[in-house]
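A structural walkthrough
Residue strings, one per chain:
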Amino acid sequence: MVQNIVRVHILNIFRAIRRLISLSIVVFITTFAFVVTFAAVQPFFEPAKFTPANRIVVLGAGMDPDGTLHLSSTVRVEKGVEIYKSGIAPKIHFSGGVGKPDGVSAGEQMAKYAIELGVPAQAISYEVMSQSTLQNALFSAPYLAEDKRIILVTEGFHLARSWASMKLFGSYDIALAHSTPFRRTNPNAKHSGLSMCIREALAIWFNAGRYLVWKAAPIFGTDETMRNNLLH
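Residues numbered from 1 in each chain as written. Predicted model: local features only at pLDDT ≥ 70, side-chain atom pairs only at ≥ 80, totals over all residues. Heavy atoms only, no water.

**A closer look at the nonpolar core**
Rules: Residues belong to a common nonpolar core when they are buried Ala, Val, Leu, Ile, Met, Phe, Trp, Tyr or Cys residues joined through side-chain atoms within 4.5 Å. The rule is simple: take the accessible area with a 1.4 Å probe, protein chains only, and divide by the maximum for that residue type; under 20% is buried, over 50% is exposed, in between is partly exposed. Helix and strand definitions here come from DSSP, where helices need a minimum of 4 consecutive H or I residues and strands a minimum of 2 consecutive E residues; each element is numbered from the N-terminal end. Any two residues whose heavy atoms approach within 4.5 Å at even a single point are treated as in contact.
I56, F94, V119 and I151 are the most contacted members of the largest nonpolar core, which has 26 residues in total. Residue assignment for this core shows that the elements contributing at least two residues are strand 1 (55-59), helix 2 (71-85), strand 2 (92-95), helix 3 (106-116), strand 4 (149-154) and strand 5 (173-178). At five residues, helix 3 tops the list of elements feeding residues into this core. When residues no more than four places from it in sequence are discounted, the contact partners of V119 are V81, Y84, I92, A114 and I124. L59, I150, F169 and I174 belong to the second largest nonpolar core, which has 19 residues in total.

The structure is reproduced here in structure tokens:
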């Protein structure tokens with residue numbers, strides 16, 4: 001009798017695990033399809049000329065430890081500068097942390113590149129602490145505190161998560177601008193776009209979990225530095 005009860009409990013546990021796995025697969029496939037579809041379709045809805053905004057916000061991407069920006073970062077800067085030169089916004093902000101301890105930051109390097117492209121230094125702000133999209137939003141928030149409308153620049157596959165992250169830490173109206181629909185870090189890479197979309201689908205849910213932990217952290221007396229590191 002006891003063995004039968006144990007067997008039933010074990011079978012119920014396995015059924016629950018199987019359902020959980022099935023649900024996780026369905027959620028992942030649905031999220032992946034959303035990421036790909038959004039990236040592919042968004043350019044058709046992006047206006048040729050944006051409504052005026054207070055600031056353009058460009059999120060950092062890859063950078064070598066020596067401070068050399070990856071193509072994924074430079075194309076974002078170029079898109080942001082292109083919008084800035086259209087006269088739609090008077091300021092441009094860059095967000096990105098360091099590639100190694102005591103190294104230069106992506107935010108600073110992107111700002112320097114923007115100056116090379118003709119943006120006046122006085123029109124530029126940047127933050128140097130972020131290591132994730134959530135931290136991009138968190139550490140950029142003080143610079144955007146008085147902004148009512150921003151134009152957010154990143155790759156198309158990354159726009160939805162970036163929009164959600166910015167909304168979590170600010171109340172601004174956000175227009176979306178894609179640098180490229182999918183990531184191209186290397187002209188010879190065959191699967192970089194696919195792999196980044198897979199990563200993005202996972203990151204959406206991972207970020208949701210991290211944000212909930214971040215929100216709950218003060219309950220347990222977590223200090224601000226350690227709390228913000230949860231979003232790394």
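**Details of the sheet that holds strand 5**
As a reminder of what qualifies: Strand pairing is assigned whenever DSSP detects at least two bridges linking the two strands. As a rule, the C-alpha atoms of each element are fitted with a line to give its axis, helices using only the stretch in contact, and angles between N-to-C directions run from 0 to 180 degrees.
Strand order across the open sheet formed by five strands is 3-2-1-4-5, with parallel pairing between neighbours. Edge positions in the sheet fall to strand 3 (124-127) and strand 5, since each of these pairs with one other strand and no more. Across the sheet, the mean angle from the axis of one strand to that of its neighbour is 25°, orientation sign disregarded. Direction of pairing for strand 1 relative to strand 4: parallel, over a ladder of four bridges.

**Re the environment of V58**
Along the chain, the position of V58 falls in strand 1. Along the primary structure V58 and G209 are separated by 151 residues, whereas in three dimensions their C-alpha atoms are 24 Å apart. Aside from chain neighbours lying at most four places away, what touches V58 is R76, V77, G80, I92, H93, F94, S95, M110 and V153.

**With respect to the pattern of salt bridges**
To keep it simple, the criterion reads: Put simply, a salt bridge is a Lys or Arg side-chain nitrogen that is within 4 Å of an Asp or Glu carboxyl oxygen.
Applying the stated criterion to the full structure yields eight salt bridges. Between K79 and E46 there is a salt bridge whose closest N-O contact spans 2.9 Å. With K79 in helix 2 and E46 in the loop between helix 1 (2-45) and strand 1, this residue pair connects regions lying 33 residues apart in the sequence. In terms of burial, K79 and E46 fall into one category: buried. In this structure, the salt-bridge partner of R161 is E200, at a minimum N-O distance of 2.7 Å. Taken together, the residues R161 in helix 5 (residues 156-168) and E200 in helix 6 (residues 192-216) connect sequence positions 39 residues apart. Salt bridges here are not isolated pairs; linked through shared partners, they connect R76, E155 and R183.

**Considering the side chain of K79**
Basically, it comes down to this: As used in this structure description, the phrase polar contact means that two N or O atoms lie within 3.5 Å; if the pair is within protein, one of them must be able to donate a hydrogen and the other to accept it, and residues adjacent in sequence are counted only when both atoms belong to side chains.
Classification of K79 by relative accessible area gives buried; the value is 14%. Polar contacts involving the side chain of K79 include one to the main-chain carbonyl oxygen of H178, which spans 3.4 Å. Not counting chain neighbours up to four residues away, the residues in contact with K79 comprise E46, V153, A177, H178 and S179.

**What to know about the environment of N12**
If you trace the backbone, N12 turns up in helix 1. By relative accessible area, which is 38% here, N12 ends up partly exposed. Polar side-chain contacts of N12 include one of 3.0 Å to the side chain of R15.

**Some words on the side chain of T154**
Note that T154 resides in strand 4. T154 gets classed as buried once you look at its relative accessible area, which sits at 0%. Those residues in contact with T154 that sit more than four places away from it in its chain are R76, L159, S162, A177, H178 and S179.

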